[in-house]
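Coordinate analysis (summary)
So you can see what is in the structure, the chains are spelled out below.
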Amino acid sequence: MLKYSLLILAFSCFLSHSINAQKQDRPNVILILTDDQGIGDIGCHGNPWIQTPHLDKFYKQSVRMTDFHVSSVCTPTRSAIMTGRYPINNGAWATYKGRDALSGDAMTMADIFKANGYVTGMFGKWHLGDNYPVRPTDSGFDVAIHHKSGGVGELSDYWGNTYFDDIYFVNNKPQQFKGYCTDIWFEETMKFIEANKNKPFFVYLPTNAPHGPHYVEEKYANPYKPLVGTEIMNAEFYGMITNIDQNFGKLEAYLKKSKLADNTIVIFMTDNGTHHGYSADGKLGHNHGFRGRKGGKQEGSHRVPFFIRWKDGKISGGKDIHVETAHVDLIPTLTSLCGIDIPKTKKLDGIDFSGLLTRKQRKLEDRTIFVHNRQDWRPPTDIDKTCIIKDNWRLIDGKELYDIEKDRMQQNDLSAQFPEVVKELLVYNTQFLKITKTNPEYYELPVSIAGNEKQKEITLTIQHAIGESAGIWKAEHVAVGKKSLNNTHAIEIEKEGLYQIECRRWPKECPGTIWGIPEKNPKNFYTYETIKPQKVRISIANQIHEKAIKNEDEAVVFTVNLPKGKTLLVNDFINGKETYGVYYTYIKPVLN
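Residues numbered from 1 in each chain as written. Predicted model: local features only at pLDDT ≥ 70, side-chain atom pairs only at ≥ 80, totals over all residues. Heavy atoms only, no water.

Here the focus is the overall build of the chain. Scanning the chain for helices and strands turns up 15 helices and 25 strands. Taken over the C-alpha trace, the chain has a radius of gyration of 24 Å; the compact-globule value for 592 residues is 25 Å, and the two agree within 12%. C-alpha atoms of the chain, sized along the principal axes, occupy 70 × 60 × 50 Å. Counting across all 592 residues of the chain, residues that qualify as buried make up 62%. Excluding contacts between residues fewer than 6 apart, the proportion of contacts in the chain whose partners are at least 24 apart in sequence is 70%. (Helix = DSSP H or I, 4+ residues; strand = E, 2+ residues; numbered from the N terminus. Rg over C-alpha atoms; globule rule 2.2 N^0.38 Å. Buried < 20%, exposed > 50% of the residue type's maximum accessible area, 1.4 Å probe, protein only. Contact = heavy atoms within 4.5 Å.)

So this is what it looks like as structure tokens:
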């Protein structure tokens, strides 16, 4: 793959500079990314109810990028951070429907750190692909402990996970853990650091909290329950953030005790606007004075906290920088701070803002930031569901213009008064999209690769299937037999030969017949209902196969001769005239 040839080149550069790099005592990096925590869901941003004492203390020690932007939902922000390219350019612009995974050639932040001699680890939520070649361990991480897909307990995750005492994946192998998910991510992070503290390390710590479902110990939620309905929306949401804060405090204490704090770059940020911290009508919660929530176009949808501290690098002391920056800027900025190399052929949309942090420059080059939203396999539209950001201007959907410094709630549309600004921003967007539409990622779907030695069997779920339905994503949806028309998966066959395609109602870790329910009901957590499709039909590589379902069948298995290359697999349960997507599909080569 092109990615790996570029990494070999980068590693050669690393070897040639290794002696100097050792003398420079390169900093460690810890990047903490929380999920669905908005800009107002933290005490230091004026929230009068939430308790975040450790993050508030960190805020006072950090440099704060006060105008920092991400995408408005989970996967796109993660893909932009990891690749330094906008989601519309890297291809991972949605949270499902086949557009929630990186392309196989994507060079990630972890790849770059690893090629420059760092040991790399990630702990928590990946949401950039569950199969080879884009699992965390395929994407530059030496150690990865994570759940699958977009949240703990989703249908693509290990069946029966509930945030407590779950089974997570340790370098792709399921392993039982004891305790609460967020506690585990931080504990495993500290174990990783302890084992590698004599080497430069890069830690990516993306928590799944406070994304729903909102499960947390009562001791964290109880203090907020009297406020629900009068001041805040959700006590458990706040409790999950307070738990994150407590874990952050433990990590800070560990770094200090281990004498690692001063030469470690620590970043705290969030992945999009709040989901349950601010009501749609603005009557409950706190949003730092902004309009907009997760999934939207307004400022509160994509402007997030960004705090960074590196004491040895003189990035500390409680300072605000009011310059527009974004998720795509992190690769150029962090590599600059760490003095490491990026292959010259690596495509980047972001810019290096390290000079602002180190006070070597006061402003950045002229730039525009783009937010393009679409929850679909189709590319984001050129104008609809967009926000174009330049200086204090925000252009929404190509027609509404706001001065965010004077109008934080975006209530006064200035497009009629400043038509020349609207025109200018649309020109920038057109120029940006002209380049975007030359990228293969804009057109080609990311694929799961079957037949590679690094993953003997790939798992495809209806959560990631392409189609026209709204989609299903929860294990509860599968349990009650909720149906979806989404039925298409983009895959690549690595080697020509015979492959076994196994279609199931239930995942292998919780077996049951297609017409029945699993014998084990994990933790008595779900309500189960039966379905009774009569047949399974698959279409792949110019072939169509169909089999009847028998009463005792846990799976319907097809053995198919497949040519090497990319193809689409379409698979359906069929009951008379009704068709709907298969919930779980497993593909592996048939060994001779």
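Turning our eyes to something else, we now look at helix 13 (residues 419-436). Look at helix 13: 26 Å from first C-alpha to last across 18 residues, which is about the 26 Å you get at 1.5 Å a residue. The set of residues buried in helix 13 consists of Val421, Val422, Leu425, Asn429, Phe432, Leu433 and Thr436. Seen end-on, helix 13 carries its buried residues on one side only, within an arc spanning 105°. Helix 13 presents Lys423, Thr430, Lys434 and Ile435 as exposed residues on the side facing more than 90 degrees away from its buried surface. (Expected span 1.5 Å × (residues − 1). Arc of directions from axis to C-beta.)

This brings us to the pairing of strand 2 (residues 63-69). Most of strand 2 is tucked away, with six of its seven residues classed as buried. As defined by bridge partners, strand 2 adjoins strand 11 (residues 319-326) across six bridges and the pair is classed as parallel. Paired with His69 across the strands is Ala326, a residue of strand 11. Relative to strand 9 (residues 303-304), strand 2 is paired through two bridges, and the arrangement is antiparallel. Residue pairing for strand 9: Phe68 is matched across the bridge by Val304. (Pairing = 2+ DSSP bridges.)

Moving on, we come to the packing of helix 3 (residues 53-61) against helix 9 (residues 235-257). Relative orientation of the contacting elements helix 3 and helix 9 amounts to 55°, with a least axis distance of 7 Å. Classed by the angle they form, the pair helix 3 and helix 9 counts as oblique. Counting all contacts with helix 3, which are made through Pro53, His54, Leu55, Phe58 and Gln61, the residues of helix 9 involved are Asp245, Gln246, Phe248, Gly249 and Glu252. Class assignment of the residues belonging to the contact of helix 3 with helix 9 gives a composition of four nonpolar, four polar and two charged. (Axes fitted to C-alpha atoms, helices over the stretch in contact; angles between N-to-C directions. Parallel < 35°, antiparallel > 145°, perpendicular 65-115°, else oblique. Nonpolar A, V, L, I, M, F, W, Y, C, P; charged D, E, K, R; others polar.)

Packed helix pairs are specified by the crossing angle of their axes together with the interaxial distance, meaning the distance between the axes. For the pair helix 7 (residues 181-196) and helix 9, interaxial distance at closest approach is 9 Å and the crossing angle is 15°. One finds that helix 7 runs roughly parallel with respect to helix 9. Where helix 7 crosses over helix 9, the handedness of that crossing is right-handed. On helix 9, the residues that touch Thr182, Asp183, Phe186, Thr189, Met190, Ile193 and Glu194 of helix 7 are Asn243, Ile244, Asn247, Phe248, Lys250, Leu251, Tyr254 and Leu255. Each residue belonging to the contact of helix 7 with helix 9 can be placed in one class, and the counts come to eight nonpolar, four polar and three charged. (Left-handed = near helix turned anticlockwise from the far one by under 90°.)

What follows concerns the packing of aromatic side chains. On inspection of all chains with the given rule, the structure shows 32 aromatic pairs. Ring centres 5.5 Å apart and planes at 50° place the aromatic pair Trp506 and Tyr528 in the tilted group. With a gap of 22 residues between them, Trp506 in the loop between strand 19 (497-504) and strand 20 (535-540) and Tyr528 in the loop between strand 19 and strand 20 connect regions that are remote in the sequence. Per residue, the accessibility class of Trp506 equals that of Tyr528, and both read buried. (Phe/Tyr/Trp six-rings, centres within 6.5 Å; stacked < 30°, edge-to-face > 60°.)

What follows covers the nonpolar core. Generally speaking, soluble globular proteins have nonpolar side chains that are buried together. Met109, Phe202 and Met269 are the most contacted members of the largest nonpolar core, which has 47 residues in total. Ranked by residue count, the leading element in this core is helix 11 (residues 330-338), at five residues. When residues no more than four places from it in sequence are discounted, the contact partners of Met269 are Leu31, Ile32, Leu33, Thr34, Phe68, Val70, Ile81, Pro305, Phe306 and Leu330. In terms of nonpolar packing, the next biggest core, distinct from the first, is built from 40 residues, Leu55, Ala221, Met240 and Phe268 among them. (Core = buried A, V, L, I, M, F, W, Y, C linked by side-chain atoms within 4.5 Å.)

To continue, consider unusual backbone geometry. The residue after Tyr132, namely Pro133, is reached through a cis peptide bond having omega 15°. Mapped onto the elements of the fold, Pro133 is located in the loop between strand 3 (119-125) and strand 4 (143-147). The omega torsion of the bond from Gly212 to Pro213 falls at 0°, within 30 degrees of zero and hence cis. Relative to the helices and strands, Pro213 resides in the loop between strand 7 (201-206) and helix 8 (218-221). With a phi close to 80°, Asn172 is a non-glycine residue in the positive phi region.

One open sheet holds the four strands; their spatial order is 12-13-14-15, and the pairing between them is antiparallel. Every other strand in the sheet has two partners, leaving strand 12 (369-372) and strand 15 (400-403) as the edge strands with one partner each. Within the sheet, the average angular offset between the axes of one strand and its neighbour, ignoring direction, is 15°. As judged from the four bridges shared by strand 12 and strand 13 (residues 386-390), these two strands associate in the antiparallel manner. Counterpart to Ile369 in the pairing with strand 13 is Ile389.

It is worth spelling out the side chain of Asp407 at this point. By the element assignment, Asp407 lies in the loop between strand 15 and helix 13. For Asp407, the contacting residues outside a window of four places in its chain are Tyr402 and Asn412.

The residue Gln463 is located in the loop between strand 17 (458-461) and helix 15 (475-479) in this model. Sequence spacing of Gln463 and Tyr204 is 259 residues, and the spatial spacing of their C-alpha atoms is 25 Å. For Gln463, the residues in contact, after removing those within four places along its chain, are Tyr96, Lys97, Ser149, Gly150, Glu154, Leu155, Ser156, Ile472 and Trp473. A polar side-chain atom of Gln463 sits 2.7 Å from a polar atom in the side chain of Ser156. (Polar contact = N/O pair within 3.5 Å; in protein donor to acceptor, adjacent residues only side chain to side chain.)

A few words on the environment of Lys588. Locating Lys588 in the fold gives a position in strand 25 (residues 584-589). Distance from Lys588 to Asn452, taken between C-alpha atoms, is 9.1 Å for residues 136 residues apart in sequence. Once residues lying within four places of it in the same chain are set aside, the contact partners of Lys588 are Lys456, Glu457, Tyr499 and Gln500.

With that settled, consider the pattern of salt bridges. According to the stated counting rule, one finds 32 salt bridges in the structure shown. We note a salt bridge from Lys297 to Asp397, for which the minimum N-O separation is 2.7 Å. Here Asp397 lies in the loop between strand 14 (393-396) and strand 15 and Lys297 lies in the loop between strand 8 (264-270) and helix 10 (299-302), a separation of 100 residues in the sequence. A salt bridge links Lys535 to Glu546; the shortest N-O distance between them is 3.1 Å. Remark: Glu546 occurs in strand 21 (residues 543-548) and Lys535 occurs in strand 20; sequence separation between them is eleven residues. Residue Lys535 is classed as partly exposed on the basis of its relative accessible area, which comes to 30%. Assessed through its relative accessible area of 38%, Glu546 is described here as partly exposed. The network of salt bridges with common partners includes Lys97, Arg374, Asp376, Arg378 and Glu468. (Salt bridge = Lys/Arg side-chain N within 4 Å of Asp/Glu carboxyl O.)

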